[in-house]
Amino acid sequence: MGGKRYSNLAGYTFLFPAIIAIVAFILTPIAYAFFLMFFQVDMLSGERTFVGLGNFTEIFSDPKFWAAFENTFKYVIVVVPIQTTIAMVLAALLNSKVKFNRAFLTIMFIPTLTSSSAMTLIFMWLFNNNGLVVNLIDSLFGVKMQFLTNPDLALTVIMAMNIFSTVPHFMIVFLAGLQDIPQNLYEAAAIDGANKVKQFFNVTVPQLMPISFYVITMGLIGCFQIFDQAFIISDGTGGPQNSTLTFTLYIYQLAFTSNDMGRATALAFILGLIIFAVTAIVNKTLKADEVNG
Amino acid sequence: MGDHMKKNNITLRIIVYTILIAYSLLTLLPFGWSVLTSFKTTAEIAGGGTIFPETWSLGGYKTIFESQYPTWVLNSVIVSLVVTILNLIFNTMAGYAFARIQFKGRTLVYSAMLMLIMVPTQVTMIPSYIVISDLGLVNTHMSLVLTTMINIAYIFMMRQFFINFPRDVEEAAAVDGLSKIGTFFRIVIPNALPAIATQAIFVFMAIWNEFMKPLLFITSPDKYMLTQGLNALSKQFMNATAWDVIMAGAIFSIIPIFIIYIILNKYFIQSNDKTTGVK
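Residues numbered from 1 in each chain as written. Chains lettered and ligands numbered in written order. Predicted model: local features only at pLDDT ≥ 70, side-chain atom pairs only at ≥ 80, totals over all residues. Heavy atoms only, no water.

### Concerning the overall build of chain B
Turning to step 1, where the next piece is worked out: Helices and strands together make up the secondary structure of chain B, namely 14 helices and 0 strands.
Turning to step 2, where the next piece is worked out: Expected size for 279 residues packed as a compact globule is a radius of gyration near 19 Å; at 24 Å, chain B overshoots this value by more than 25%.
Turning to step 3, where the next piece is worked out: With respect to the principal axes defined by its C-alpha atoms, chain B has extents near 75 × 75 × 35 Å.
Turning to step 4, where the next piece is worked out: Here chain B holds 279 residues, and the buried ones make up 50% of them. (Helix = DSSP H or I, 4+ residues; strand = E, 2+ residues; numbered from the N terminus. Rg over C-alpha atoms; globule rule 2.2 N^0.38 Å. Buried < 20%, exposed > 50% of the residue type's maximum accessible area, 1.4 Å probe, protein only.)

### Here's the deal with the pattern of salt bridges
Turning to step 1, where the next piece is worked out: For the structure shown, the criterion picks out 6 salt bridges over all chains.
Turning to step 2, where the next piece is worked out: We note a salt bridge from A:E58 to A:R263, for which the minimum N-O separation is 3.2 Å. Of this pair, A:E58 sits in helix α2 (residues 54–60) while A:R263 sits in helix α14 (residues 261–292), and the two are 205 residues apart along the sequence.
Turning to step 3, where the next piece is worked out: Classification of A:R263 by relative accessible area gives buried; the value is 15%.
Turning to step 4, where the next piece is worked out: Salt-bridge contacts for A:D235 lead to B:K235; the nearest nitrogen and oxygen are separated by 3.5 Å. Of the two residues, A:D235 is situated in the loop between α12 (228–234) and α13 (247–257) and B:K235 in helix α13 (residues 226–238); the pairing between them involves two chains.
Turning to step 5, where the next piece is worked out: Look at A:D235 and you get partly exposed, because its relative accessible area is 40%.
Turning to step 6, where the next piece is worked out: Via salt bridges that share partners, A:E58, A:D62, A:D260 and A:R263 belong to a single interconnected network. (Salt bridge = Lys/Arg side-chain N within 4 Å of Asp/Glu carboxyl O.)

### Overview of the confidence of the model for chain A
As a general rule, the predicted coordinates of low-pLDDT regions are not to be interpreted in detail.
Turning to step 1, where the next piece is worked out: Here chain A shows a mean pLDDT of 91. Residues at 70 or above account for 97%.
Turning to step 2, where the next piece is worked out: Looking over chain A, one finds the lowest element-wise mean pLDDT in α14(A), namely 85, and the highest in helix α3 (residues 63–94) of chain A, namely 96. (pLDDT = per-residue confidence, 0-100.)

### Describing the UniProt feature "transmembrane region" (unreviewed entry) in chain B
Residue and element names in this part refer to chain B.
Turning to step 1, where the next piece is worked out: According to UniProt, the positions carrying the feature "transmembrane region" (unreviewed entry) are residues 12–33, 72–96, 108–132, 138–157, 188–208 and 245–264.
Turning to step 2, where the next piece is worked out: In residues 12–33, helix accounts for 100% and strand for 0%; the two terminal C-alpha atoms are 31 Å from one another.
Turning to step 3, where the next piece is worked out: In residues 138–157, helix accounts for 70% and strand for 0%; the two terminal C-alpha atoms are 31 Å from one another. (UniProt positions renumbered as here; feature names shortened; annotations may be inferred.)

### Let's talk about the interface of chain B and chain A
Turning to step 1, where the next piece is worked out: Facing 93 residues of chain B, the contacting portion of chain A comprises 86 residues.
Turning to step 2, where the next piece is worked out: Where chain B abuts chain A, roughly 8,100 Å² becomes buried across the two surfaces, and 79% of that area is made up of carbon and sulfur atoms.
Turning to step 3, where the next piece is worked out: Sorting the residues of chain B by area buried against chain A places B:L20, B:Y23 and B:Q122 first, and these three jointly supply 8% of that buried surface.
Turning to step 4, where the next piece is worked out: Across the chain B-chain A interface, the total number found is 1 salt bridge.
Turning to step 5, where the next piece is worked out: Inspection of the chain B/chain A interface yields 12 residue pairs in polar contact (both at pLDDT 80 or more).
Turning to step 6, where the next piece is worked out: If you tally residues by element for the side of chain B that touches chain A, the top one is helix α1 (residues 3–38) of chain B, at 19 residues. (Contact = heavy atoms within 4.5 Å. Buried area = accessible area lost by both parts, 1.4 Å probe. Polar contact = N/O pair within 3.5 Å; in protein donor to acceptor, adjacent residues only side chain to side chain.)

### Considerations on the UniProt feature "domain: ABC transmembrane type-1" (unreviewed entry) in chain A
Turning to step 1, where the next piece is worked out: The positions that UniProt labels "domain: ABC transmembrane type-1" (unreviewed entry) are, in the present scheme, residues 69–282 of chain A.
Turning to step 2, where the next piece is worked out: Spanning residues 69–282 of chain A, this segment combines 75% helix with 0% strand, and its end C-alpha atoms are found 18 Å apart.

### Considering the pairing of strand β1 (residues 39–42) of chain A
Turning to step 1, where the next piece is worked out: Only one face of β1(A) is buried: it carries A:F39 and A:V41, and the other face, with A:Q40 and A:D42, is open.
Turning to step 2, where the next piece is worked out: Between β1(A) and strand β2 (residues 47–50) of chain A, which follow one another and run antiparallel, lie 4 residues, and A:G46 among them has a positive phi close to 75 degrees. (Pairing = 2+ DSSP bridges.)

### Focus: the domain arrangement of chain B
All names here are of chain B.
Turning to step 1, where the next piece is worked out: Partitioning chain B into structural domains gives domain 1 (2–38) and domain 2 (59–267).
Turning to step 2, where the next piece is worked out: Look at where the C-alpha atoms of domain 1 and domain 2 centre, and you get two points 36 Å apart.
Turning to step 3, where the next piece is worked out: Contacts between the two partners involve 5 residues from domain 1, matched on the other side by 8 residues from domain 2.
Turning to step 4, where the next piece is worked out: The contact between domain 1 and domain 2 buries some 470 Å² in all, and 75% of this surface belongs to carbon and sulfur atoms.
Turning to step 5, where the next piece is worked out: When the buried surface of domain 1 facing domain 2 is broken down by residue, S34, T37 and S38 rank first, second and third, together holding 76% of it.
Turning to step 6, where the next piece is worked out: Summed over the shared surface of domain 1 and domain 2, the number is 0 salt bridges. (Domains from an automatic or database assignment.)

### Considering helix α8 (residues 154–178) of chain A
Residue and element names in this part refer to chain A.
Turning to step 1, where the next piece is worked out: Between its first and last C-alpha atoms α8 spans 36 Å; for 25 residues at 1.5 Å apiece the expected length is 36 Å, and the two agree.
Turning to step 2, where the next piece is worked out: Along α8, the largest kink reaches about 35 degrees and is centred on V167; proline P168 follows within four residues of it.
Turning to step 3, where the next piece is worked out: Burial analysis of α8 places 21 of its 25 residues in the buried class, which makes it a mostly covered element. (Expected span 1.5 Å × (residues − 1). Bend = angle between axes of the 7 residues up to and from the residue.)

### A few points about the UniProt feature "transmembrane region" (unreviewed entry) in chain A
Turning to step 1, where the next piece is worked out: Here the UniProt feature "transmembrane region" (unreviewed entry) sits at residues 12–39, 73–94, 103–127, 153–176, 208–227 and 264–282 of chain A.
Turning to step 2, where the next piece is worked out: Helix makes up 89% of residues 12–39 of chain A and strand 4%. Its end C-alpha atoms lie 36 Å apart.

### Things to note about the packing of helix α9 (residues 168–175) of chain B against helix α10 (residues 180–191) of chain B
All names here are of chain B.
Turning to step 1, where the next piece is worked out: The N-to-C vectors of α9 and α10 enclose an angle of 160 degrees; their axes lie 10 Å apart at closest approach. For the element pair α9 / α10, the angle class is roughly antiparallel. Viewed along their axes, α9 and α10 form a crossing whose handedness is right-handed. Across the interface between the two elements, V169, E170 and A173 of α9 pack against T183, I187, V188 and N191 of α10.
Turning to step 2, where the next piece is worked out: Residues that form the contact of α9 with α10 fall into these classes: 4 nonpolar, 2 polar and 1 charged. (Axes fitted to C-alpha atoms, helices over the stretch in contact; angles between N-to-C directions. Parallel < 35°, antiparallel > 145°, perpendicular 65-115°, else oblique. Left-handed = near helix turned anticlockwise from the far one by under 90°. Nonpolar A, V, L, I, M, F, W, Y, C, P; charged D, E, K, R; others polar.)

### Considering helix α6 (residues 121–134) of chain B
Residue and element names in this part refer to chain B.
Turning to step 1, where the next piece is worked out: The terminal C-alpha atoms of α6, which comprises 14 residues, lie 19 Å apart, in line with the 20 Å expected from a rise of 1.5 Å per residue.
Turning to step 2, where the next piece is worked out: At P127, α6 shows its maximal bend, which comes to roughly 30 degrees.
Turning to step 3, where the next piece is worked out: Along α6, the residues classified as buried are Q122, V123, T124, M125, I126, P127, S128, Y129, I130, V131 and I132.

This is the structure we're talking about:
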């Protein structure tokens, strides 16, 4: 009896710091969020007015919301498949008994270490009007392209940057998965006359399905939350012409530029629902394929 | 094996190496270019032109070190170290409790945490700012420490680690009369160093690179974290197209992580697949 009580005490002593932090900085904010969504909050006076679903109706009739919606979806649709594919192919190449694979791995991992703020500045310099990429295109094709001030291209720069910095991380995840594929599957395929490329599509890709599923899910969640790069590139404005306005950036603007905490929380809740729904749909589709294949 | 097959294999090898080398160069290019830029003079950058600096200048680095940059570096070092140490202790303790201590409500608390990990940060971003502001902690480093002192993902990682950890060492310690807390600090932690090192690397890197939280919580420039300071630096120097200064700041901010990476390279790559929780 005493032992049991001691165990309970020990268990909760060990968990105490974690529970305090979770209650204060995760649970309370979640509860707060559910409450704030239905209010109009004036941060300066601290006054709250109940508006029911008012925040939501305002959001849906707001053109900036739809711009953020479009940008974020465009971003996810382009970035997730590209980063997943590049990461998988590079992992397969590194796993094909190449020499110096350790050296390749070490170099390729560098972008993942770099903070988004340093990386964004580096990319802004590359794509600046006097930057390497612009000068290169100019000397090759004689066209002076403006990337960061062109609404059609600014988001593309952010996409390229994100692919560049997340590929190495996912590549290592794939590499771990590749090591678990039984070698005899490849031997069997070779006997059937499949060349390396065919082996990749008939053995590697299907065997990596569970890992791809993880990479796609994490990629989706990460891409929907894109903030740092869009904030730094546009100096928080989401410009030019709202072309880099993402969901999270708009949430930030509502809360800290317009001081509209209620609407910001409502938008955060919508984003949460979207992430949840898209992840569920993608997971269901991929799982279905896995069963069929 | 026929000649044809062999020739095919050689062609394939060449393609594989070409792609890998090309991608490695592509990886290094932006960094190399930035390093070179950081050693140019502002005038030379405005003139465009050459790859290597015509005159190697330390002007960019001088400018950042005469600004508040050193303060930001120091802020980032202190906050990152404190956060890392707290995470190591608290996550490891919690993970150990879930793996090894039988207590009432263990399954319930564990599944509650599993659920919380799925709530996106955006949902809690604004309300946690309000909590921080209600606690009077806006514009203090304490706000960053308190909101990042634990990480549920690493609690899970440590739980998985301790589940596979041999029990006999702890049992021997218990026979010798050590308390649970004593056993934990004197026996368990020294034996869990590989998992703890893994955690340390990723927690440190995450807080060193964090941008959004400092942006929300910290308002005065002397308290900025380095990432936030970099953003301020770029705003200040971009109009003057002083890219040497901006690149010096960006490149220098990578150095601490880079040194850790070189020393702990093996851990970085191996541990990365452990934290993903795929296996």
